[in-house]
Amino acid sequence: MATAMTEMNQKALDRVIAFSDAVFGFAITILVLDLLEIPRPDAGENILESFSHHWQSFLAFLVGFLTILVCWLNHHHMFGHIKSSTPGLLWINGFLLLIITFTPLPTAILAEFLDKENQIGIMLYGFTYFMIASLYFFIWSYAYNNRLLEEGDQKYFKSIKKTYQYASVYTF
């Protein structure tokens, strides 16, 4: 019976991870759509020179891609220590994925106004990453407090919890 429960928990956790991976991939894919809107150079026109007029879009794509990549790596590391899921964990993870899928919007706004007055774009971008950092803290705290973590070094797990807490404050 215990083995069947363990297998069910693992299957449920595997589904959470697979769905999350798909959402991260989707968010990264959406980032490239802004690059597809850049006008293609005319015949005989230098491609690099033509694209250099749109450096903001390329920079925003790179920053957005790297940020989502770091978020995915963080998620991968975190869920490597989580041994089972609960409805509460699913909800918190769902809210994280909601913000991840929102990420391309502030990235596009940041790119559009990068060389202009852009306080609102920067605030929206910063707020998005504050929300992401906070949700990582909530996921880890929930998993830690509800004993969803694998057996291991509790001091290490508690230090990760503190790190996520500090990251949320630092991002703000």
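Residues numbered from 1 in each chain as written. Predicted model: local features only at pLDDT ≥ 70, side-chain atom pairs only at ≥ 80, totals over all residues. Heavy atoms only, no water.

(A) Region of interest: the overall build of the chain. Check the secondary structure of the chain and you find seven helices and zero strands. From first element to last, N terminus to C terminus, the chain shows the α and β order α-α-α-α-α-α-α. The burial tally for the chain puts 34% of its 172 residues in the buried class. Across the chain, the fraction of contacts at a sequence separation of at least 24, relative to all contacts at a separation of at least 6, is 75%. Accessible surface computed for the chain: about 10,800 Å², of which carbon and sulfur atoms make up 68%. Averaging the coordinates of the 10 positive side-chain charges in the chain and doing the same for the 14 negative ones gives two points 19 Å apart. (Helix = DSSP H or I, 4+ residues; strand = E, 2+ residues; numbered from the N terminus. Buried < 20%, exposed > 50% of the residue type's maximum accessible area, 1.4 Å probe, protein only. Contact = heavy atoms within 4.5 Å. Areas by Shrake-Rupley, 256 points an atom, 1.4 Å probe, with all protein chains shown as cover. Lys, Arg positive; Asp, Glu negative; His and termini not counted. Charge placed at Lys NZ, Arg CZ, Asp CG, Glu CD.)

(B) Just helix α6 (residues 119–145), in detail. Taking 1.5 Å per residue as the helical rise, α6 with its 27 residues ought to reach 39 Å, and the 38 Å between its terminal C-alpha atoms agrees with that figure. Looking one or two residues past α6, Arg-147 carries a phi angle of roughly 55°, positive in sign. (Expected span 1.5 Å × (residues − 1).)

(C) Examining unusual backbone geometry more closely. Of note, Arg-147 is a non-glycine position whose phi angle comes to about 55°, a positive value. Tracing the backbone shows Arg-147 in the loop between α6 and α7 (154–171).

(D) Looking closely at the pattern of salt bridges. Counting across every chain of the model gives one salt bridge. Note that Glu-151 is salt-bridged to Lys-83, the shortest N-O span being 3.8 Å. With a gap of 68 residues between them, Glu-151 in the loop between α6 and α7 and Lys-83 in the loop between α3 (55–81) and α4 (87–102) connect regions that are remote in the sequence. For Glu-151, a relative accessible area of 70% corresponds to the exposed category. (Salt bridge = Lys/Arg side-chain N within 4 Å of Asp/Glu carboxyl O.)

(E) Molecular detail of the packing of α3 against α6. For the pair α3 and α6, interaxial distance at closest approach is 11 Å and the crossing angle is 5°. By the angle class used here, α3 and α6 are roughly parallel. Contact residues: Val-63, Gly-64, Thr-67, Cys-71, Trp-72, Asn-74, His-75, Met-78, Phe-79 and His-81 in α3; Tyr-125, Tyr-129, Ile-132, Tyr-136, Ile-139 and Trp-140 in α6. (Axes fitted to C-alpha atoms, helices over the stretch in contact; angles between N-to-C directions. Parallel < 35°, antiparallel > 145°, perpendicular 65-115°, else oblique.)

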